[in-house]
Amino acid sequence: AGTVLGFVDDPTYKVEEITLEKGDRFIFYTDGITESRNMENVMFDKVFEIFCKESCSLSPKDFIESLYEKLCAYSHYGNIRSFEDDVTIIVIDVN
């Protein structure tokens, strides 16, 4: 979890520097992913955490496609894939 972006008019952020190395991965996502719920009203957040750990070897494209399939199956209500919020993800690998 991190800081909400674009929510505060004049935010103050802590500045830190990190060294990026080949193989590092950035995953930016909206809360529509982690807060998606199944038919038992259980959020997707823990499933997402496990998915990220187990799928880190996938390419960004395959990671996103696989995550979307898993999220749709998790949030499936009858024949309609329903999301209550926006579902957005960006995956960037450092080469």
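How each quantity is defined
Residues numbered from 1 in each chain as written. Predicted model: local features only at pLDDT ≥ 70, side-chain atom pairs only at ≥ 80, totals over all residues. Heavy atoms only, no water. Helix = DSSP H or I, 4+ residues; strand = E, 2+ residues; numbered from the N terminus. Buried < 20%, exposed > 50% of the residue type's maximum accessible area, 1.4 Å probe, protein only. Contact = heavy atoms within 4.5 Å. Areas by Shrake-Rupley, 256 points an atom, 1.4 Å probe, with all protein chains shown as cover. Salt bridge = Lys/Arg side-chain N within 4 Å of Asp/Glu carboxyl O. Patch = residues over 30% accessible without salt bridge, like charges linked within 9 Å, V, L, I, M, F, W, Y side chains within 5 Å. Lys, Arg positive; Asp, Glu negative; His and termini not counted. Charge placed at Lys NZ, Arg CZ, Asp CG, Glu CD. Arc of directions from axis to C-beta.

Draft legend 1. Structural detail: the overall build of the protein chain. Within the protein chain one finds three helices and four strands. When the elements of the protein chain are put in sequence order from the N terminus, they spell out β-α-α-α-β-β-β. Residue burial in the protein chain is summarised as follows: out of 95 residues, 20% are buried. Counted over contacts in the protein chain with a minimum sequence separation of 6, partners at least 24 positions apart contribute 66%. Accessible surface, the protein chain: about 7600 Å² in total, of which carbon and sulfur atoms supply 53%.

Draft legend 2. Examining the pattern of salt bridges more closely. Taken as a whole, this structure holds four salt bridges when the rule is applied. The shortest N-O distance in the salt bridge between Glu65 and Lys61 comes to 2.8 Å. You can see Glu65 and its partner Lys61 sitting in helix H3 (residues 60–74), four residues apart, about one turn around the helix. With a relative accessible area of 38%, Glu65 lands in the partly exposed category.

Draft legend 3. Geometry of a negative patch on the surface. On the surface, Asp31, Glu35, Glu84, Asp85 and Asp86 cluster together into a negatively charged patch. Judged by relative accessible area, Glu84 falls into the exposed class, the value being 75%.

Draft legend 4. Just the side chain of Ser55, in detail. The topology assignment puts Ser55 in the loop between helix H2 (45–54) and H3. Residue contacts for Ser55: discarding those within four places in its chain leaves Arg25 and Phe63.

Draft legend 5. Up close: H2. Of the positions making up H2, those classed as buried are Phe48, Phe51 and Cys52. Taken down its axis, H2 places every buried residue within 100° of arc, on the same side. Of the exposed residues in H2, the ones pointing more than 90 degrees away from its buried face are Lys46, Lys53 and Glu54. Elements in contact with the buried residues of H2: strand E1 (25–29), helix H1 (31–34), H3 and strand E4 (89–93).

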